[in-house]
Amino acid sequence: MTSINCIILDDEQKNVQLLSHMLAQHCPQVNVLAAETNARKGIGLIQELKPQLLFLDIEMPHLNGFDTLKHLEPVSFEVIFVTAYGKYAVEAFEHQAAGYVTKPVNTEKLVAAVNMAMQRIEQKNINKNLFTLLEQNTRQAAPDKIPLSTSSGLMFVKIGDILYCESSGNYTHFFMQDEKKILVSRQLGEYEKLLPENFIRIHDKYIINLQYIKEYIKGSGGEVVLENGKELPVASRRKEDFLARFEKWIRRKG
């Protein structure tokens, strides 16, 4: 990758200038599209310019860094937090941050964080191209495996081993028959297009594999109980479609 586009969001202008200077000196592959000291204005800027990378302060007036990201979900760019405080590191990595750099900014740590972000962006591009090819061909073939875009690359898993999928913002958790849990860096809706007809979305957060349903409990939307004992809610607006699809699948199996 030759270069990536970024935005800097920090409420102190001197920090913006310092970081811009350090990037120009030590990370010439990073192109600073814009910088902003107001978080609310920064949100509009990010939505307009669509950077690949965001350098984000945490403690800012009106909106902190984490609240800013919530306004931008689903987050399609990499984030490097640049902050004076070390106490937010755990929460930052829960937001899948590519890096966490404390002020005053250390050059080596900044370069390492940028390198990590670039690797992740490059991997996303590779996965996106592969995912597009799979989406184009999935209707023409019935593959027994599906690629999952993990932080370390692509993992190919047997479709029949997937119990259910759970949305987690810009990510998806895959729960497998062998009790493994795989975090995937794509949204649930994208896999909804790839998974075969025995998978159905029962809720904004869940897609289930019909072959692992053990019980359906009546209710406004109701609940499904999977063979591993996991209970998942069915959204009331999806109930009718779910029951119709389930009945059709049972008849076909019979």
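In this report, we go over the structure that sits alongside the text. Everything numeric in this text was worked out from a predicted model, so none of it was measured.

Here the structure, examined in full by the defined rule, presents one cavity of 30 Å³ or more. The volume enclosed by the largest cavity comes to roughly 40 Å³. For the lining of the largest cavity, the secondary-structure elements that each account for two or more residues are β1 (4–9), α1 (13–26) and β3 (53–56). Among the elements that take part in the lining of the largest cavity, α1 stands out by supplying three residues, more than any other. Within the lining of the largest cavity, the residues separate by chemical class into seven nonpolar, one polar and three charged.

Strand order in this open sheet of three strands is β13-β14-β15, and the pairing throughout is antiparallel. Single-partner strands in this sheet number two, and they are β13 (213–217) and β15 (231–233). Ignoring which end each strand starts from, the neighbouring axes of this sheet average 25° apart. Where β13 meets strand β14 (residues 223–226), four bridges bridge the pair, whose relative direction is antiparallel. Residue pairing across strands places Y216 opposite V224, the latter belonging to β14. Where helix α7 (residues 239–253) meets the sheet, its contacts fall on β13 and β14, and the angle it forms with β13 comes to roughly 140°.

Along an α-helix, a turn takes 3.6 residues, which lines up residues three or four apart on a common side. When the terminal C-alpha atoms of α1 are compared, their 20 Å separation across 14 residues agrees well with the 20 Å that a helix rising 1.5 Å per residue should span. Within α1 the residues assigned to the buried category are N15, V16, L19, M22 and L23. One side of α1 carries all its buried residues, which in axial view fall inside an arc of 135°. Seen from the buried face of α1, the exposed residues on the opposite side, beyond 90 degrees, are K14, Q17, A24 and Q25.

Looking at the second largest pocket, its volume works out to about 310 Å³. Along the wall of the second largest pocket there are 19 residues; nearest its centre are E73, E94, H95, Q96 and Y171. Among the elements of the structure, α3 (65–70), β4 (78–83), α5 (107–137) and β9 (171–176) are those that each provide at least two residues to the lining of the second largest pocket. Tallied by class, residues from the lining of the second largest pocket come to seven nonpolar, six polar and six charged.

Glancing now at the pairing of strand β2 (residues 30–36). Here β1 pairs with β2 via six bridges, running parallel. Looking at the pairing, I8 lines up with A35 of β2. Crossover handedness for the path β1 to α1 to β2: right-handed.

On to the environment of I58. By the element assignment, I58 lies in the loop between β3 and α3. Judged by relative accessible area, which is 1%, I58 ranks as buried. Considering only alpha carbons, one finds I58 and K218, 160 residues apart in sequence, at a separation of 45 Å. Apart from residues lying up to four places away in sequence, I58 is in contact with N64, G65, F66, F81, V82, T83, Y88 and Y100.

On to the environment of L183, then. Mapped onto the elements, L183 comes out in strand β10 (residues 181–184). In sequence terms L183 and L54 are 129 residues apart; their C-alpha atoms lie 22 Å from each other. Excluding residues within four positions of it along the chain, L183 makes contact with Q96, S149, T150, Y171, T172 and H173.

By the definition in use, this model includes 10 salt bridges. Look at the salt bridges and you will find they share partners, linking D10, D57 and K103 into a network.

Rules behind the numbers
- Residues numbered from 1 in each chain as written.
- Predicted model: local features only at pLDDT ≥ 70, side-chain atom pairs only at ≥ 80, totals over all residues.
- Heavy atoms only, no water.
- 1 Å grid on protein atoms, 1.4 Å probe; cavity = no way out; pocket = protein on both sides within 12 Å on 5 of 7 lines; lining within 4 Å.
- Points joined across faces, edges and corners; volume = space filled by probe spheres on them.
- Helix = DSSP H or I, 4+ residues; strand = E, 2+ residues; numbered from the N terminus.
- Nonpolar A, V, L, I, M, F, W, Y, C, P; charged D, E, K, R; others polar.
- Pairing = 2+ DSSP bridges.
- Axes fitted to C-alpha atoms, helices over the stretch in contact; angles between N-to-C directions.
- Contact = heavy atoms within 4.5 Å.
- Expected span 1.5 Å × (residues − 1).
- Buried < 20%, exposed > 50% of the residue type's maximum accessible area, 1.4 Å probe, protein only.
- Arc of directions from axis to C-beta.
- Right-handed = clockwise from strand over helix to strand, strands pointing away.
- Salt bridge = Lys/Arg side-chain N within 4 Å of Asp/Glu carboxyl O.

Geometric descriptors of this kind do not, in isolation, establish any biological role.
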